[in-house]
2 protein chains.
Amino acid sequence: MEIAEPLRVLIEELNKLPSIGRKSAQRLALHLVKKEKKELEDLIQALTDLKDNIKFCSICFNISSEDICMVCKNPKRDKGLICIVEEASDVIAIENTNEFNGQYHVLGGVLSPLSGIGVEELKIKELIVRLKTEDIREIILALNPDTEGETTSLYLAKLLKPLGIKVTRLARGLPIGGDLEFTDEATIGRAVLNRIDI
Amino acid sequence: MEIAEPLRVLIEELNKLPSIGRKSAQRLALHLVKKEKKELEDLIQALTDLKDNIKFCSICFNISSEDICMVCKNPKRDKGLICIVEEASDVIAIENTNEFNGQYHVLGGVLSPLSGIGVEELKIKELIVRLKTEDIREIILALNPDTEGETTSLYLAKLLKPLGIKVTRLARGLPIGGDLEFTDEATIGRAVLNRIDI
């Protein structure tokens, strides 16, 4: 098989990315060859900026281009409300809703004894420091609704409640636009238990 | 929505690529943030190499890192056999089979009056020059088995046959590993018509 070396190398690099298989990597690389140099230059520039200018916020551990992230720096955001998430991607998911106007705290994972992730591996110590120095009214646990997320939520709730802070978690129930018939039993069961007056 | 600027820009750039939607772009960008700098540097290097070192072979118009591509330069490949393909991606597809040991000629498209692609837009003039200067025994038409590909194949066959060169095209029939029940009628029809002795 004789393929130009730069093309072969790029296909290999793209193939290393998650959910990019061999065929997709090939199609992407060929697309980049065919496109104007400008588009390729913009992509290189964006990747270089990411490499050089991305760090983690020293307060909430969100992804940031400065020492303190835009959310922590914004004076218009509610300083008394912290939403605890697993990963920086969850911050983006919640920011996309435009429904939340508080602060974040990125744990960097969830408790998972099998993967060797304990309390020390997560940013829990840093959270406690924030709670002591900042004036926090409420904490929202927004971890994934799976076993490890639930376990971590329970652990955090036990840890935080004695501090006299209100602790809440995201509602469980039917997803908007979903179909009752195709929703799993666990979700429907929770939705029945947590039914609300209308 | 408050997302670090370099991350937002990269998500936008990735979203411009074919078959990379908003969510995929986001996942890819976050993956690149989390990975070690080395992986990101390798990707940037591969893209930069592609930008700086990729051109098109001056003989066959395949993608190449030099003026003449690896296939055209390789003395072990059959100089008397040219496989005509639509795009450089088709060269990779055929090279991957390891079944072909001749030369290529990349047309850069197929005849398509509706899209304004005529004979002048394709590398047909250049093909004729090759046929006059090189000692070509056989031409394989490996265009896509669709209407435009077939039309272009017919056009080329008419053009090339008077030159006394053997013109063939790729076989049509059942795909290997396919299922007769789920194969379309046109393909089965062709497979019946072109049945071969065993």
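Along each chain, numbering runs from 1 in the same order as the chain's sequence is written. Chains and ligands are labelled by the order in which they are written, letters from A for the one and numbers from 1 for the other. Predicted model: local features are reported for residues with pLDDT of at least 70 only, side-chain atom pairs are reported and counted for 80 or more only, and whole-chain, interface and lining totals are derived from all residues. No hydrogens and no water enter the side-chain calculation; it runs on all heavy atoms of the structure.

1. Side note on the overall build of chain A
Alright, step 1. A run of H or I in DSSP counts as a helix once it spans at least four residues, and a run of E counts as a strand once it spans at least two, with each numbered from the N terminus. Check the secondary structure of chain A and you find 8 helices and 6 strands.
Alright, step 2. Beginning at the N terminus, the succession of helices and strands in chain A can be written as α-α-α-β-β-α-β-α-β-α-β-α-β-α.
Alright, step 3. Note on method: radius of gyration uses C-alpha positions; expected globular size equals 2.2 Å times residues raised to 0.38. For chain A, the C-alpha radius of gyration of 22 Å lies well beyond 16 Å, the compact-globule estimate for 198 residues.
Alright, step 4. In terms of principal-axis extent, the alpha carbons of chain A reach across some 65 × 45 × 35 Å.
Alright, step 5. Taken across its 198 residues, chain A has 43% of its residues classed as buried. Throughout, exposure labels follow a simple rule: accessible area from a 1.4 Å probe, protein chains only, divided by the maximum for the residue type, with under 20% read as buried, over 50% as exposed, and the rest as partly exposed.

2. Focus: helix α6 (residues 124-133) of chain B
Along an α-helix, residues three or four apart share an orientation, since each turn contains 3.6 residues.
All names here are of chain B.
Alright, step 1. For α6, every residue scored as buried is listed here: I124, L127, I128, R130 and L131. For α6, the angular spread of buried residues about the axis comes to 160°, placing them on one side. Across from the buried face of α6, at angles greater than 90 degrees, the exposed residues are K125, K132 and T133.
Alright, step 2. Buried positions along α6 lie against β3 (81-85), β4 (103-106), β5 (138-141) and α7 (147-160). Read the arc as the range of directions from the helix axis to the C-beta atoms. In this description, contact between two residues means that some pair of their heavy atoms is separated by no more than 4.5 Å.

3. Thoughts on the domain arrangement of chain A
Alright, step 1. Assigned domains within chain A: domain 1 (5-53) and domain 2 (75-197).
Alright, step 2. For the domains described, the bounds stem from an automatic or database domain assignment. Centre-to-centre, using C-alpha coordinates, domain 1 of chain A lies 35 Å away from domain 2 of chain A.

4. Brief notes about the pattern of salt bridges
Alright, step 1. Only one rule defines a salt bridge in this text: a Lys or Arg side-chain nitrogen within 4 Å of an Asp or Glu carboxyl oxygen. A complete count under the given rule lists 32 salt bridges over all chains for this structure.
Alright, step 2. Between A:R130 and A:E134 there is a salt bridge; the shortest N-O distance is 3.0 Å.
Alright, step 3. The exposure class assigned to A:R130 is buried, which follows from its relative accessible area of 4%.
Alright, step 4. Of the residues examined, A:E134 reaches a relative accessible area of 28% and is grouped as partly exposed.
Alright, step 5. Notably, a salt bridge pairs B:E150 with B:R172, separated by 3.2 Å at the nearest N-O pair. Taken together, the positions of B:E150 in helix α7 and B:R172 in the loop between β6 (166-169) and α8 (185-193) put the pair 22 residues apart, joining distant regions of the chain.
Alright, step 6. Among the ionic contacts, a cluster of salt bridges with common partners joins A:E2, B:R77 and B:E95.

5. So, the interface of chain B and chain A
Alright, step 1. Chain B puts 54 residues into the contact, and the matching count from chain A is 55 residues.
Alright, step 2. Taken together, both faces of the contact between chain B and chain A bury some 5200 Å²; the carbon and sulfur share is 72%.
Alright, step 3. Connecting chain B to chain A are 4 salt bridges.
Alright, step 4. Residue B:K34 is joined to A:E87 by a salt bridge in which the shortest nitrogen-to-oxygen separation is 3.9 Å.
Alright, step 5. Looking at which element gives the most residues to the side of chain B that touches chain A, the answer is helix α3 (residues 37-53) of chain B, with 14 residues. In this description, buried area is defined as the sum, over both parts, of the accessible area (probe of 1.4 Å) that is lost when the two are combined.

6. So, the sheet that holds strand β6 (residues 166-169) of chain A
Residues and elements named next belong to chain A.
Alright, step 1. The criterion for strand pairing is that DSSP finds at least two bridges linking the strands in question. Taken in spatial order, the 4 strands make up an open sheet running β4-β3-β5-β6, and their pairing is parallel. Both outer strands of the open sheet, β4 (103-106) and β6, are each paired with one neighbouring strand and no more. Each strand of the sheet is rotated relative to its neighbour by a mean of 25°, with strand direction disregarded.
Alright, step 2. In terms of strand pairing, strand β5 (residues 138-141) meets β6 through 4 bridges, oriented parallel. Residue pairing in the sheet places E138 in a bridge with K166 of β6.
Alright, step 3. Between N-to-C directions, angles cover 0 to 180 degrees, with each direction set by a line fitted to C-alpha atoms, over the stretch in contact for helices. Sheet strands touched by helix α5 (residues 88-97): β3 (81-85) and β4. Its angle to β4, the strand with the most contacts, is close to 155°.

7. Digging into unusual backbone geometry
Residues and elements named next belong to chain B.
Alright, step 1. Phi at F61 takes a positive value of approximately 65°, unusual for a residue other than glycine.
Alright, step 2. Along the chain, the position of F61 falls in the loop between β1 (55-56) and β2 (63-64).
Alright, step 3. Classification of F61 by relative accessible area gives buried; the value is 17%.
Alright, step 4. Positive phi, close to 60°, is recorded for N98, a residue that is not glycine.
Alright, step 5. Along the polypeptide, N98 turns up in the loop between α5 (88-97) and β4.

8. Thoughts on the relation of the copies chain B and chain A
Alright, step 1. The least-squares superposition of copies is restricted to C-alpha atoms, and to residues with a pLDDT of at least 70 in both copies. Note on the copies: chain B fits chain A at an RMSD of 0.1 Å, the axial shift is 0.0 Å, and the rotation between them is 180°. Between the two chains, the operation in question is that of a two-fold axis. Residue B:I44 of chain B places its C-alpha closer to the rotation axis than any other residue of that unit, at 3.0 Å.
Alright, step 2. Take the interface residues of chain B: 100% of them recur as interface residues in chain A, which is what a same-surface contact looks like.

9. Quick notes on the nonpolar core
Alright, step 1. In this structure, A:L7, A:L10, A:L47, B:L7, B:L10 and B:L47 are the most contacted members of the largest nonpolar core, which totals 48 residues.
Alright, step 2. Contributions of two or more residues to this core are made by α1 (5-15), α2 (22-34), α3 (37-53) and α5 of chain A together with α1 (5-15), α2 (22-34), α3 and α5 of chain B.
Alright, step 3. The residues touching B:L47, leaving out its near neighbours within four places in the chain, are A:L10, A:L32, A:L40, A:L43, A:I44 and A:L47. Definition used in this section: a nonpolar core is a set of buried Ala, Val, Leu, Ile, Met, Phe, Trp, Tyr and Cys residues joined via side-chain atoms within 4.5 Å.

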